[in-house]
Amino acid sequence: MAMKFREVIATALPSEEGLRARLAGLQAQDWTEVAGRFGALLPEFDLVVALPGAQQLAELVAYTRGVVALHTAREATTGHWKLLDAEGLSGEVVIVTEHLTDGLAELETMLLCATKGLKVLAVVAAVERTNAAGRIRLELQDLSVLSAVQLADTPVGLVFERRTPQSMAH
């Protein structure tokens, strides 16, 4: 999706720890190209909801469309997600996540949004792990999933995904 971002991620491979450290160290300017690309590809939406770690990317995606970015946090007592500063808001939402793996945090956030009267249209991920079931879980909920970089888990570590997705094979 974004060549500069792909090059940044390449410096962390094949290490899982290196990838997490690299993502945590990114600054706003590192996310700009990715945010602009997501902003261009997404349908119309009213709000952006950021999962922890994706706040900078979410703010930039929101900025590209002139909408508000909301943030999430885990409740200390229950471990459930909570949506911060969402009172009185309505409309269609895009969830932004830094690292899409099993999709459970994104699904829980989608359900949380639904309880607030918000309809989730899509999930955007800076990095998607293709061996995990995240994309499948989200697409089964009729959500679009966009990712800047797709990585596959291999015996030697993480590598850029080279398989053609089924949706493109037909």
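Residues numbered from 1 in each chain as written. Predicted model: local features only at pLDDT ≥ 70, side-chain atom pairs only at ≥ 80, totals over all residues. Heavy atoms only, no water.

J.: Run through the layout of surface pockets, naming residues and quoting values.
T.: Within this model, the second largest pocket holds a volume of roughly 170 Å³. Elements with a minimum of two residues in the lining of the second largest pocket: strand 4 (91-100) and helix 5 (104-115). Classifying every residue of the lining of the second largest pocket gives five nonpolar, four polar and four charged. (1 Å grid on protein atoms, 1.4 Å probe; cavity = no way out; pocket = protein on both sides within 12 Å on 5 of 7 lines; lining within 4 Å. Points joined across faces, edges and corners; volume = space filled by probe spheres on them. Helix = DSSP H or I, 4+ residues; strand = E, 2+ residues; numbered from the N terminus. Nonpolar A, V, L, I, M, F, W, Y, C, P; charged D, E, K, R; others polar.)

J.: How would you explain the pairing of strand 6 (residues 144-154) if you had to name every residue and give the values?
T.: In this sheet, strand 6 lies alongside strand 5 (residues 118-129) in parallel orientation, the contact comprising seven bridges. Each residue of the ladder has a partner; that of Val123, found in strand 6, is Val145. Pairing of strand 6 with strand 7 (residues 157-160), which is carried by four bridges, proceeds in the antiparallel orientation. The residue of strand 7 that forms the bridge with Thr154 is Gly157. In this structure, the hairpin formed by strand 6 and strand 7 is closed by a connection of two residues. (Pairing = 2+ DSSP bridges.)

J.: Please set out the environment of Leu112 residue by residue, giving values where relevant.
T.: Take Leu112: it is sitting in helix 5. Looking at Leu112, the relative accessible area reads 15%, which means it is buried. In the structure, Leu112 is positioned 32 residues away from His80 in sequence and 9.4 Å away in space, judged by C-alpha atoms. (Buried < 20%, exposed > 50% of the residue type's maximum accessible area, 1.4 Å probe, protein only.)

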